[in-house]
Structures are given as structure tokens and as C-alpha cells.
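Per-entry structural report
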Amino acid sequence: MIKKLPETLDGSVLFNVPLPADLAGLNELAPIIIKQHYAVDYLHTFGQDSPFFAGLANGKLLGTECPQCGYRYGTPKGHCTQCGARTRWFELPQEGQVHTFTVCYFGSEEFLPDCPFVLALIEWEGVNTLFLTRLLGVDPQAPSLDWVGMPVRARFRRNSKFKPTDVYFVPR
Amino acid sequence: MRNVYVVSGGVSKFTKARPDVTFQPMVKEAYDYILNDLGLTQPQAFELIDGTVCSYFSDHFARQLMAGIMVQDYLGLCPKPSFRVESGGATGGVCFQEAYKQVASGYLDVCLAYGFEKMSHVETWKGNEFIALASDQDFDYPVGGFYSGYYAMMVVRHMHEFGTTPEQLAKVSVKNHRNAFYNPYAQKRLKLTVQEVRDSPMVAYPLTRLDICVMSDGAAAVLLASEAGLEKLRQAGAQLAPAVQVAGIGRGTDAMRMADRPHQDFDQFFARNALPSEQTAETKAYYRELFERGTHYPGVHSFRAGRMASREAYRNAGLSEPLKELDFVELHDAYTSSEIQTYEDMGLCRYGEGGQFVDEGYPFLSGLDYGLELAHPGKLPVNPSGGLIACGHPVGATGLMQAVFALWQLQGTIKKHYGGDGTVQITQAKRGAIHSHAGTGTYVTVSILERK
Ligand SMILES: [Zn+2]
């Protein structure tokens, strides 16, 4: 049984409020709270990481590797953090393992409609860093520590949105 | 470097929303608390304070750039020198350390550090989004930006590596809410059971709502001084409590994307990240075995930044055995999981032993009934204030709030400042650590405070 109405950010448009004639009591006046909207469109560049997104659009998962020290990045880095050299691109295997995961039953406003969803970090043999992704094809109502180490494979959206969610993983 | 002393501190009551004021008067409440504590008028304080450092985390929450200078003005501290610091969740801890440096360097004799956050301007889910803007916007945020989810992934790995259990996490929640029961400034003063923590709504597996700190409106301020500054305050008639010195500070960092963090082997870990207290044959053998079973460092289960900040702070304060030499710790428990992970980073126990540290009762206050069977309560109380989980986490104020509560513990003035209730006063507390931590362990500060 619902006993409390949810608070929402819609309501009436108000153009005036009463002001007491006696100014002496104004320090005790209740605060006036208004709604302020804020929205921006940015011209965002993926810069040196752009090939990663081009890769996703073409069904490939790209990482970078250091030609100097051999460090391999599961999420691309334009320069090697270990030795400073410019990295080069390589194709990551589309099969990997779950390094760790969680199920989000709540979240940020943008992702509330997706709840519950599974976040996972993917690891690959011979790759030094991980990759954050959504894991599908598991029951979000029955998470288990056994999911750590699960063999998974990449799937790609047919119509790319140029977001890292153009790729996601499912159990192999 | 000169000796630096923490002279006084104040906090506003942390609460879900303060629609009655804008951010400036909220900071003034904390500042006025200091003036009242020292028995100084504002014009007297103006003559004594050489400069300030301001901390607030989010321009999005504030929806006001340059909010710091508006506080400086409201406190009547213009035209004194000032600047704002921002370092995510560690903003308050960094503010404290930057104020320390102003004094230690000889630039200022008396420096005020103040910080605030007003998070009630948006709904919780929008607030989650604002906080998640402090994750990589190209690779992490769009996948499902949510800090509780990030920390949940970290503790799942901790559970996998070390056998940490959700019940051990829940015990931290019971402890911190119970400690806060006696703290009049805390937002959530609750007596809970492990079962109640586990039964509360799941937010991000395995973290429930009671494993996670809440958004808050609040402010805190701390006054620091050199020996010359103390003398000036004394001359002006300030009522000074027993002196508390900043014995040493340390800071560490790690990659924003936890996916990018290294997975070092045993030799790399032991050479680069082990603490002096871990340089024994027994501990070396313990770690060798742990790494042979597959552990790498830091991976995503541990906060290397917290380890390095601790190591530096202990070195600067001349500590070698933190578990024995500290009387309490106020650490950044944004999550119950990160409290357990932080025990290990700070060397209060070894990596892998954080869960057991809780089961043994070490971080609990002795003489307080938590409704739990604890073998050794009070070995090293952690978050006697209630921490972020129970006090609230108005980001820019949080690290300074820890300094205030630590100061009162070391002065032995908890009862006075808690409205006559000294239940959580640690008897004869001589040395404490404060630990401030930014998202997933990117910036971490540790400062050691000591009663002289
Ligand atoms: Zn390299």
C-alpha cells in the first residue's frame, strides 16, 4: 500500500508570493525554492582514441600496445604510461574472461531505465589492463561470485552509437 | 618545515538538505564555531588569520563557479590571500594538507581551511550522475556511470581474492552508525543489526543502501597555526585547548580508470609498495604465498594511492608500527567495503586480512555494545565519529570534518563538543590518522595528528 506520494520536479508556474508588511520577521521566512534547467550540447572529440570507436563500428575491439616495452592496453592509451612511447593499435581477442562484476539495481539518472544491469571488467591473457563493459545473458536477480572468471565473448551493435556500449559481452 | 598545530575546528550539522541557507552561511556556522571555541570576535580573528584555503568538490552541484571567493567575502576575510582546491572526494583532505603547507612553509602563521558541499540542489539519481562525471567520460561513464557500481566491482574482486564476506561489510555499517549515535553532528544516528544492513535494498551487488554513505549538505572549518601563530592567538586572548600538532602528511595517486591499474607481481609489490612494518620474514612469506595463489597488486581490489599516502605520512611522522602507534583512525568510508580495503592499505593489517580485522573487533570502540560478539574491541578504533557512512559526505567538507573530530579526540574535548556526551571519547588518545580518498582511490591523503 502506497502511503507516501513521490516527490517530483514538476508543478505550477508561480509568478508572485505574498510579502509580510512587517519586515522584522523576514529572517524567519521559509526559503523560496525554484526549478532551474541546465542543458548543454558539446562538440566532444575522441581525439587519439577515435580509432577505438571506428573499430567498434566495424565489429572489432581495438587495444593499444607499446612498441618499446611491450605493455598491452585493454582500454586504449595513446602513449605508454610505463615508458612514455607512442603506442600502436592491435586487435583484442573477442573472447575473454570476467575479472570482476556487479549488478546495479539503482544508478545515475541517465541509466535508471536500464536497471538492473550488469557491469563487468574483462581480462585477457597477455593483456596488461582491463576493459569496462555491460554483461548480458546472466540473471541480474541471481548474482554469484562464481561469475568471476566466466569465459565471455564480445557482441557488437549493428548500428553504432559511437559509445563504448557499442560492444558488450555475453557468456561463451 | 615549521611545526604546524591544529588550533580549533567546527562543523555545521550535516543533513540531507539545507534549503534555509545558501552555501556561504553554512560555512559561517563552522567558522563561527571556531570563533566561539577560541573566544574571539570576528574583527579579532580577521586581524589574526593570515589567509585561507577553500574546498568544494563539484561545480555541478554548486552551479556556481568561483564559489570559494563568495565564502571568503561572506566570512569577512577579503582581502586576505586564498585559493580553492578540488581533488574529488579527497578535496577536504587535500584542503587540510594545503593549509598545513601554507603554515609549514613559513608563508602564513595562521591559516583557516574551510570546505562545504550542497548536494541537495538535485535529486539523488542526478547527484549520482554528477558524481559519476568524475569517471572517464569516453570509456567508463557511458557504460553505466555509477560510483556505487564501481566500488561494488572492486569489493567483488576483494571477496574473490581474499574471502571477504558481505557480513563483514555489514559489521562496519553497524559500527559506524552506532558510533554516530552519540555524534550530534551526524546525519544518520542509528542502532542497526547485520541483518538489517543486509536486508536493506540492494544498490549494487553486494552493497546495500546501508553499506553506502549518503549525500549531504554541510560545512567544516579548521584553524591551523605555526608556533608564532599560536603565540599571536594567545596574545589576543584566545582560549587554547591542549596543542595538537600535524606530525606528518602523505599523499598518493592512481589511475582514474580502474581498468588501467597495474597488476604487479610479488617482487614489484614488495619493492615498491610494502610498508616498513611489513618488512619481516613472516609477512614476506605471507605475501609470497598470497601472490603465488594468483593475487596481483593493486589490481582493482586495493587502493595503491592509499598505501602510498600512508607510507609517506608514516615516514614523515616517524611511525613504523601504525597498529600500535595510532590510537584511532578517521578514514574515508564512502563504502563499508572501502573501509575494509583501507585497513589493508594503511597497514593496520595485511592485504587479505581486512575482513578478519573486523571480525576480531579491532576497529570497534571498547565499552560500546554493538550487539556483536567481538573478541578484541578497541585495539584500534576506526571512525569513532561515525565516518562518512553515518555522518554524511558533503564532499568538500568531509576531509575537514575528519580533522575536526580527530582534533576533539586528541584534545579530550569530545564531551564538550558533543553536547555533554563523551561516550565515544577515546581515553588518553595521543595520536590519530585522518584519511581522505577520491573516487575509486585516485587521490588519497593521510595526515597524522598528535597531542603534544
Ligand atoms: Zn612502454
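The structure under discussion appears in the preceding block.
Residues numbered from 1 in each chain as written. Chains lettered and ligands numbered in written order. Predicted model: local features only at pLDDT ≥ 70, side-chain atom pairs only at ≥ 80, totals over all residues. Heavy atoms only, no water.

**With respect to the layout of surface pockets**
Residues and elements named next belong to chain B. Cut-off, in case you're wondering: We place a 1 Å grid over just the protein atoms. Points where a 1.4 Å probe fits but has no way out form a cavity, open points with protein on both sides within 12 Å along at least 5 of 7 lines form a pocket, and any residue with an atom within 4 Å of a point lines it. Grid points are joined across faces, edges and corners, and a volume is the space filled by probe spheres set on the points. A helix here means a DSSP run of H or I that spans at least four residues, while a strand means a run of E at least two residues long, and both kinds are numbered starting from the N terminus. In this count, Pro and Cys sit with the nonpolar residues alongside Ala, Val, Leu, Ile, Met, Phe, Trp and Tyr, while Asp, Glu, Lys and Arg are called charged and the others, Gly among them, polar.
Computed from the structure, the second largest pocket encloses a volume of approximately 400 Å³. Taken together, 18 residues form the lining of the second largest pocket, with Leu-323, Leu-348, Cys-349, Arg-350 and Glu-353 sitting closest to its centre. Contributions of two or more residues to the lining of the second largest pocket are made by helix H15 (322-325) and helix H17 (354-360). Per-class residue counts for the lining of the second largest pocket are six nonpolar, five polar and seven charged.

**Here's the deal with empty space enclosed by the protein**
Scanning the entire structure with this criterion turns up four cavities of 30 Å³ or more. If you add up the space inside the largest cavity, you get close to 80 Å³. The wall of the largest cavity is formed by Leu-121 and Leu-132 of chain A together with Ser-135, Asp-140, Tyr-147, Tyr-150, Met-153, Met-256, Arg-257, Met-258, Ala-259 and Thr-440 of chain B. It is helix H8 (residues 147-162) of chain B that provides the largest number of residues to the lining of the largest cavity, a total of three residues.

**Quick word on the pattern of salt bridges**
Put simply, the rule is: Definition used for salt bridges: Asp or Glu carboxyl oxygen within 4 Å of a side-chain nitrogen of Lys or Arg. Only protein chains enter the accessibility calculation, which uses a 1.4 Å probe. A residue is then buried if its area is under 20% of the maximum for its type, exposed if over 50%, and partly exposed in between.
For the structure on display, the rule yields 32 salt bridges over all chains. Glu-29 of chain B is the salt-bridge partner of Arg-18 of chain B, the closest N and O atoms lying 2.6 Å from each other. Note that Arg-18 of chain B is positioned in the loop between strand S1 (5-11) and helix H1 (23-38) and Glu-29 of chain B in helix H1, a separation of 11 residues in sequence. Residue Arg-18 of chain B is classed as buried on the basis of its relative accessible area of 12%. Note on Glu-29 of chain B: relative accessible area 31%, which makes it partly exposed. Taken together, the salt bridges that share partners define one network made up of Lys-77 of chain A together with Asp-136, Arg-257 and Asp-260 of chain B.

**Remarks on the packing of aromatic side chains**
Residue and element names in this part refer to chain A. The following threshold applies: The pairing test for Phe, Tyr and Trp rings, Trp by its six-membered ring, is centres within 6.5 Å, and the orientation test on the planes gives stacked under 30 degrees, edge-to-face over 60, and tilted for anything in between.
What the rule picks out here adds up to 39 aromatic pairs over all chains. Here Phe-52 and Phe-131 contribute two aromatic rings whose centre-to-centre distance is 5.9 Å and whose plane-to-plane angle is 50 degrees, an arrangement assigned as tilted. With Phe-52 in helix H1 (residues 50-57) and Phe-131 in strand S6 (residues 131-134), this pair connects stretches of sequence that are 79 residues apart. For Phe-52, a relative accessible area of 0% translates into the label buried.

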